[in-house]
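Coordinates in review
Read off the chains here:
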Amino acid sequence: MRFHPLRLGCLLVFGGLLSITWITSIPGDGEMQPDLKTLYKRLMVVEGQGVQLKRDLSNILEHLKKLPNATRFTSNFTSTNNTILSEAIKQQFLQPNIYLYMPHLRYHPLSLVPNVVLGQGRRGVSMVLGIPTVKRLKDNYLVSTLSSLLYDLMPAQRQDLLIIVFVAEINLEYVDSVAETIEKTFPNEVQSGLLEVVSPSQYYYPDFTILKETFGDSKDRVKWRTKQNLDYSFLMLYAQDKGTYYVQLEDDVVAKAGYYNSMKTYTLQEASKPWLFLEFSQLGFIGKMFRTRDLPMIAEFFLMFHRDKPIDWLLDHILWVKVCNPEKDAKHCTQQKALLKQRYKPSLFQHVGLHSSLPGKVQRLKDKDFGKQTLFHAHSNPPAVVSSSLKHYQKHSLERLYKGEDFFWALTPVQKDYILFNFSQPLHISSYLFRSGNIETSKDKFYNTTVEVLPSNAAAKTKLVPTLSYHESNNGFIIIGFHSSMKTEKPHR
């Protein structure tokens, strides 16, 4: 986007002249027609916005001049050398009306620039998952939620997905602690750009102490629901240009295995229909999918009424505004709203948090349509005799796992424990896939594990070791992989 100061100045001068002309030609109050009165008021509002916009632009330019290492920019606003300016403009939300709904932002020109704590700037994906999280007094479910979402994603799916964690706090120490936890727990996902962590400016939130209590809610609950409206709006505006579809989640959910393929298949199936959102859970705002092109309108509606009602009510009001005819009955309205939302069954996300982010609130909400999780995927494996030093739990034996009848569940492994696959005939192995843990017990994994093979003869061994730089273990096996957290798919020649 290019800004031409000369043209902008002419436009502002013309706007000022136009306003003066109208003011001098407006008749007295007694003679003014109702339509002209309305028009006059609107013009005065526009004039005020023009003045405010000029002031905001001036403040931004002055602020950017003071930033360290900022290059001096001229009338060419698109200069590639001005890195700081271009990044600020790129990241700031293009939502002009936000100043009408949150006037306190006018005093802080960069208040809408997100604080990107972790991220590689990934864009162009099919699906963006947005997860707002706040500091909780009791249990924190964020890591479990992320583990669930990442559990069985295949490499191609990881390339076509972006998960944004929005830490909805202005305490930078806490924001950094969340980012550090995520980076340590999911280093590969952060490095690849699959996971991002962002937070708002310290000036983003308004003064919550002046909110009016409505619908019988306490002051704390009104603040909580108002902040939630602002958090979801921020996240939507941040995500609007990063993918094709946006899915709203919460930080205390578990995903059904295979959720990504299920969502993508259903979305393609419903793509030609005029829906506003798809529902992959029946609880509140969990699992609502929107087209990213609709996010600016939806976020603006939320911002417009952020003080008034909870966010799930506001979403329903958008449907009402779009399709309900005031001259027809409630049944007709319900039928029309149903056309703008499509429900997928069974539900793909289950709420697991017991303690709400609202202090003192305990919620035992469960989605009855979620059903049972798929705890293992059967594979077609070549004939082999399997054995292990690990003692299996109940009926979850290694033999049943290898036959595709169950998962293998054993007591906690210790150093030198092993699982051995003795193939009946020598095999040419092109790749392997081992997955430990499942979506319900994601922490029950093999850690610090090696994958080793025993070549069928000396010639195969001689060919394997120098070519691919593998190492031989003490027992004659060739180490072809080491994994700190065992869930991997790796090709080999």
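Look above for the structure.
On a predicted model such as this, the values are computed, not experimentally measured, just so you know. (Residues numbered from 1 in each chain as written. Predicted model: local features only at pLDDT ≥ 70, side-chain atom pairs only at ≥ 80, totals over all residues. Heavy atoms only, no water.)

Following K345, the chain continues into P346 via a peptide bond in cis, with omega recorded as 0 degrees. Non-glycine residue Q394 carries a positive phi angle of around 50 degrees. One non-glycine residue, K416, lies in the positive phi region at around 80 degrees.

Attention shifts here to the nonpolar core. With 44 residues, the main nonpolar core has M236, F290 and F302 as its most contacted residues. Those elements that provide at least two residues to this core are α4 (98-101), β2 (125-133), β3 (161-167), α9 (219-239), α11 (295-304) and α12 (311-323). Here this core gets nine residues from one element, more than from any other, and that element is α9. Setting aside anything within four residues of it in sequence, one finds M236 in contact with Y246, Q248, F285, F290, L295, I298, A299 and F302. Within the second largest apolar cluster, 41 residues are counted, among which are L146, V165, I182 and Y245. (Core = buried A, V, L, I, M, F, W, Y, C linked by side-chain atoms within 4.5 Å. Buried < 20%, exposed > 50% of the residue type's maximum accessible area, 1.4 Å probe, protein only. Helix = DSSP H or I, 4+ residues; strand = E, 2+ residues; numbered from the N terminus. Contact = heavy atoms within 4.5 Å.)

Turning next to the packing of helix α5 (residues 142-150) against helix α7 (residues 172-185). As a packed pair, α5 and α7 sit with axes 11 Å apart at the nearest point and diverge in direction by 35 degrees. In this structure, α5 meets α7 at a crossing whose hand is right-handed. Contacts between α5 and α7 pair L142, V143 and L146 from the former with V178, T181, I182 and T185 from the latter. When its residues are assigned to classes, the contact of α5 with α7 shows five nonpolar, two polar and no charged. (Axes fitted to C-alpha atoms, helices over the stretch in contact; angles between N-to-C directions. Left-handed = near helix turned anticlockwise from the far one by under 90°. Nonpolar A, V, L, I, M, F, W, Y, C, P; charged D, E, K, R; others polar.)

Turning our attention to the packing of aromatic side chains. Counted by the stated rule, this structure contains 18 aromatic pairs. Both rings, one in Y245 and one in W275, keep their centres 6.2 Å apart while their planes meet at 25 degrees; by these two values the pair is stacked. Of this pair, Y245 sits in strand β5 (residues 243-248) while W275 sits in the loop between α10 (259-270) and β7 (277-279), and the two are 30 residues apart along the sequence. On the basis of relative accessibility, which here comes to 15%, the residue Y245 falls in the buried class. With centroids separated by 5.9 Å and ring planes inclined at 85 degrees, the aromatic side chains of Y266 and F280 adopt a geometry described as edge-to-face. Note that Y266 is positioned in helix α10 and F280 in the loop between β7 and β8 (288-291), a separation of 14 residues in sequence. On the accessibility criterion, F280 (0% relative accessible area) is buried. Aromatic rings pair up to connect F166, Y204, Y205, F208 and F234 into one cluster. (Phe/Tyr/Trp six-rings, centres within 6.5 Å; stacked < 30°, edge-to-face > 60°.)

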